[in-house]
Amino acid sequence: MPNSPKTLSEKALLAMPKSAYMNPAQLSFFRDLLRKQRQDLLDNATMTIDHLRDGESEADPNDRATIEEEHSLELRIRDRERKMLPRVDAALKRIDDSRYGYCEETGDPIGLRRLLARPTTTFSIEAQERHESRQRIQGK
């Protein structure tokens with residue numbers, strides 16, 4: 001996807017000084033990234049629905065079993081993606097509320113590299129590790 005003059009590249013984003021953290025250009029970059037991710041999730045769901053509607057009626061039981069297994073796998077992937085949509089929407093809301101990019105637990109910056117890897121994250125790496133450690137201890 002080519003960058004428009006207003007859109008930062010990932011390289012330009014990472015080259016910005018720490019003092020520029022979550023400035024309007026960075027927020028715009030992540031808003032665009034999340035909107036694209038959201039649209040991709042919706043497009044994938046639509047393609048799956050269309051694909052399943054086509055429903056090839058194979059006479060051979062082996063072919064039918066293979067198709068059913070492929071459909072099952074596709075549905076599991078889409079279910080995972082479906083669960084991702086509310087997280088993307090929540091991240092977009094945090095951008096609108098000027099809370100995006102900051103750890104929900106500590107209030108510290110999450111960091112650009114982490115946000116690039118996981119744009120929907122709400123915790124810094126350290127807070128995420130503490131969160132996961134508590135979950136392991138509680139057996140969840």
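Anyway, here's the lowdown on the structure attached to this text. Everything numeric in this text was worked out from a predicted model, so none of it was measured. Numbers given to residues run from 1 along each chain, matching the order in which its sequence is written. The model is predicted, so local features are restricted to residues of pLDDT at least 70 and side-chain atom pairs to those at 80 or more, both for listing and for counting; the totals for chains, interfaces and linings are taken over all residues. Hydrogens are left out, water is left out, and the side-chain values use all remaining heavy atoms of the structure.

### Quick word on the overall build of the protein
Moving on, step 1. Only DSSP runs of H or I with at least four residues qualify as helices, and only runs of E with at least two residues qualify as strands; both kinds are numbered from the N terminus onward. Of the regular secondary structure elements, the protein holds five helices and zero strands.
Moving on, step 2. Along its sequence from the N terminus, the protein presents helices and strands in the succession α-α-α-α-α.
Moving on, step 3. To sort residues, take the accessible area from a 1.4 Å probe on protein chains only and compare it with the maximum for the residue type: under 20% means buried, over 50% means exposed, and anything in between is partly exposed. The 140 residues of the protein split such that 29% are buried.
Moving on, step 4. The contact criterion used throughout is that any non-hydrogen atoms of two residues lie within 4.5 Å. For the protein, the proportion of contacts with a sequence separation of at least 24, taken over those separated by at least 6, is 56%.
Moving on, step 5. Here the accessible surface of atoms and residues is derived via Shrake-Rupley with a 1.4 Å probe, and residues count as covered only by protein chains that are part of the display. Of the accessible surface of the protein, which amounts to about 9700 Å², a share of 52% is contributed by carbon and sulfur atoms.

### Some words on the nonpolar core
Soluble, globular proteins show a tendency: their nonpolar side chains are buried together.
Moving on, step 1. In plain words, nonpolar cores are sets of buried Ala, Val, Leu, Ile, Met, Phe, Trp, Tyr and Cys residues tied together by side-chain atoms within 4.5 Å. Ranked by internal contacts, the top residues of the largest apolar core, which has 23 residues, are Leu-13, Met-22, Phe-30, Leu-34, Tyr-100 and Leu-115.
Moving on, step 2. Where this core is concerned, the elements lending two or more residues are α2 (24–54), α3 (61–96) and α4 (112–117).
Moving on, step 3. Counting residues per element, this core draws most heavily on α3, at six residues.
Moving on, step 4. When near neighbours in sequence (up to four residues on either side) are disregarded, Met-22 contacts Leu-27, Phe-30, Tyr-100, Gly-101, Tyr-102, Leu-112 and Leu-115.

### Notes on helix α5 (residues 125–138)
Moving on, step 1. End to end, α5 covers 20 Å across 14 residues, agreeing with the expected 20 Å (1.5 Å per residue, within 8%).
Moving on, step 2. Following α5 by one or two positions, Gly-139 adopts a phi angle in the positive range, close to 75°. To estimate the expected span of a helix, count its residues, drop one, and scale the result by 1.5 Å.

### Things to note about the pattern of salt bridges
Pairing is possible between side chains of opposite charge, provided their charged atoms come close.
Moving on, step 1. The salt bridge definition used is simple: a Lys or Arg side-chain nitrogen within 4 Å of an Asp or Glu carboxyl oxygen. Applying the stated criterion to the full structure yields seven salt bridges.
Moving on, step 2. One salt bridge in this structure joins Arg-31 and Asp-96, with 3.7 Å as the shortest N-O distance. Separated by 65 residues along the polypeptide, Arg-31 in helix α2 and Asp-96 in helix α3 bring together distant segments of the chain.
Moving on, step 3. Asp-89 is the partner of Arg-38 in a salt bridge, and the nearest nitrogen-oxygen pair spans 2.5 Å. Remark: Asp-89 occurs in helix α3 and Arg-38 occurs in helix α2; sequence separation between them is 51 residues.
Moving on, step 4. Connected through shared salt-bridge partners, Lys-93, Asp-97 and Arg-99 make up one network.

### A word on the environment of Lys-93
Moving on, step 1. Residue position: Lys-93 is located in helix α3.
Moving on, step 2. It is 9.6 Å that separates the C-alpha atoms of Lys-93 and Arg-31, two residues lying 62 residues apart in sequence.

The values are spatial; any link to function lies outside them.
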